[in-house]
Amino acid sequence: MALDRTAPLNSLGFAKPPSETRVVVAMSGGVDSSVVAAQLASEGYDVVGVTLQLYDHGAALAKKGACCAGRDIHDARRVAEEMGFAHYVLDYENKFKDAVIDEFADSYLAGATPVPCIRCNERVKFKDLLETAKDLDADCMATGHYIQRMMGPAKAELHSAADSARDQSYFLFSTKQEQLDYLRFPLGHLPSKDDTRALAEKFGLSVADKPDSQDICFVPNGNYAAVIEKLRPGAAEPGDIVDTEGNVLGHHNGVIHYTIGQRRGLGIGGLETPLYVVRLDVDLKHVIVGPKELLSTRTIPVREINWLGDAPLMSQDEWHVLVRVRSTRPPRPAIIRPISEVEASVELLTPEDGVSPGQACVFYDVDSTRIFGGGWIWRGY
């Protein structure tokens, strides 16, 4: 049916009644996506809830705080029953392993600090699930992410969430423009998580008091090393802790137990100057330590860039922006110097400590809440 361009736009931006607008809601079983589904159903939209089974959740059934486990699938299904809309569970276990878990293990073993949640959004939720939504003849797909989609003069734009404490822009920088055109983020404008829970109470949802997920869904209790050892047997090979000159200061039980910037747990106390992990050499099985000033980084090589600006990335020699190099850090002033459409050198105007390969470098507009995309930090060789 052709859209009536003279009709007023509904809350999802379509010129037709909600009842004629089908929206697939990606439901993790948590309060955020449940509220999105309930809100849209209450507004009269043709809602279809979809929950992904991403990994073998047998070991996680009794675990609190992880998405997509058995209880979460049950909770998503129950919300759909409560609000009276269709709900499907899709087995994406093989896709998730191939697209997310294997790369996580390999990059961690290579001494990087990966962010699998970004890859999951990029390669599974906003790719395969989005295509499934289109196969279901949905007009759009909605998620419970805290980020905003706004219509600009040129196209749909990605903006930070109204609540900076909940903003998830760091994890969504790789959203492509064509995906952004199809996606909706109904919670991004809310002032706080309290408002989300208030909506859950309003709709009488059984998940209203459910705790937020904290860990990566397939990493119980945040124990990365245990997961890597299970995925890659023999990965925790012992080696030496050395200084920057190669002098042996101690020994370790596997490079996978260490991260850039780590200070505690090195087992080499008694020195006048505190030492930090400044580099990991997987080939030599070395954990290289040094004083804190060696952690400071000013120039960051970035690749696999997803650029969401109006003009092409290569149309300027320099872009003055704000960048975030870790999810827990605020954006800082920087200059992007493009090398190609997908690669750049980023200069931080103030050096940052503990910049790690495998993390994302996300670009923000200096004068607004707009996100210009970002890329992946790598070693530069």
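1. Section: the pattern of salt bridges
Applying the stated criterion across every chain yields a total of 27 salt bridges. In this structure, the salt-bridge partner of lysine 193 is aspartate 32, at a minimum N-O distance of 3.2 Å. Of this pair, lysine 193 sits in helix α6 (residues 193–202) while aspartate 32 sits in helix α1 (residues 31–42); the two residues are 161 residues apart in sequence, bridging distant segments of the chain. Residues arginine 123 and glutamate 103 are paired through a salt bridge, measuring 3.1 Å at the closest nitrogen-oxygen approach. Separated by 20 residues along the polypeptide, arginine 123 in helix α4 (residues 116–135) and glutamate 103 in helix α3 (residues 93–109) bring together distant segments of the chain. Linked by salt bridges that have partners in common, Asp32, Arg166, Lys193, Arg197 and Asp212 make up one network.

2. Looking at the environment of aspartate 128
Here aspartate 128 is to be found in helix α4. Residue classification places aspartate 128 among the buried positions, given a relative accessible area of 18%. Spatially, the C-alpha atom of aspartate 128 lies 26 Å from that of methionine 83, the residues being 45 residues apart in sequence. Excluding residues within four positions of it along the chain, aspartate 128 makes contact with Tyr92, Lys95 and Arg123.

3. Comments concerning the environment of serine 169
When you line up the elements, serine 169 lands in the loop between β6 (156–160) and α5 (177–182). Sequence-distant contacts of serine 169, defined by excluding residues within four places in its chain, comprise Tyr146, Ile147, Ser160, Arg324, Val362, Tyr364 and Ile371.

4. Comments concerning the packing of α1 against α6
Interhelical geometry of α1 versus α6 gives an angle of 55° and a closest axis separation of 9 Å. Relative to α6, the element α1 lies oblique. When you trace α1 past α6, the crossing you get is left-handed. Between α1, through Val31, Asp32, Val35 and Gln39, and α6, the contact on the second element is made entirely by Lys193, Thr196, Arg197, Leu199 and Ala200.

5. Let's talk about the environment of methionine 27
Among the secondary structure elements, methionine 27 is positioned in the loop between β1 (22–26) and α1. Sequence separation between methionine 27 and alanine 99 is 72 residues; the distance between their C-alpha atoms is 20 Å. When sequence neighbours within four positions are dropped, the list of residues in contact with methionine 27 reads Ser33, Ser34, Ala37, Gly49, Val50, Thr51, Ala76, Val79, Phe85 and His87.

6. Comments concerning the side chain of serine 107
With respect to the element layout, serine 107 can be found in helix α3. Residue serine 107 is classed as buried on the basis of its relative accessible area of 18%. In this structure serine 107 touches Ala112 and Pro114, once residues within four positions along its chain are discounted.

The rules we used
- Throughout, a residue's number is its position along its own chain's written sequence, starting from 1.
- This being a predicted model, a pLDDT of at least 70 is required before a residue's local features are given, and a value of 80 or more before pairs of side-chain atoms are given or counted; all residues contribute to the totals for chains, interfaces and linings.
- In computing side-chain values, all of the structure's heavy atoms are included and hydrogens and water are not.
- Every case where a carboxyl oxygen of Asp or Glu lies within 4 Å of a side-chain nitrogen of Lys or Arg is listed as a salt bridge.
- The helix count covers DSSP runs of H or I at least four residues long, the strand count covers runs of E at least two residues long, and both are numbered beginning at the N terminus.
- Relative accessibility decides the category of a residue: with a 1.4 Å probe and only protein chains considered, values under 20% of the type maximum give buried, values over 50% give exposed, and everything between is partly exposed.
- Whether two residues are in contact is decided by their heavy atoms: any pair within 4.5 Å suffices.
- Angles here are taken between N-to-C directions and fall from 0 to 180 degrees, while the axes themselves are lines fitted to C-alpha atoms, restricted in helices to the stretch in contact.
- Here roughly perpendicular refers to angles of 65 to 115 degrees, roughly parallel to angles under 35, roughly antiparallel to angles over 145, and oblique to all remaining angles.
- Crossings are assigned a handedness: left-handed for a near helix turned anticlockwise from the far helix by less than a right angle, right-handed for a clockwise turn.

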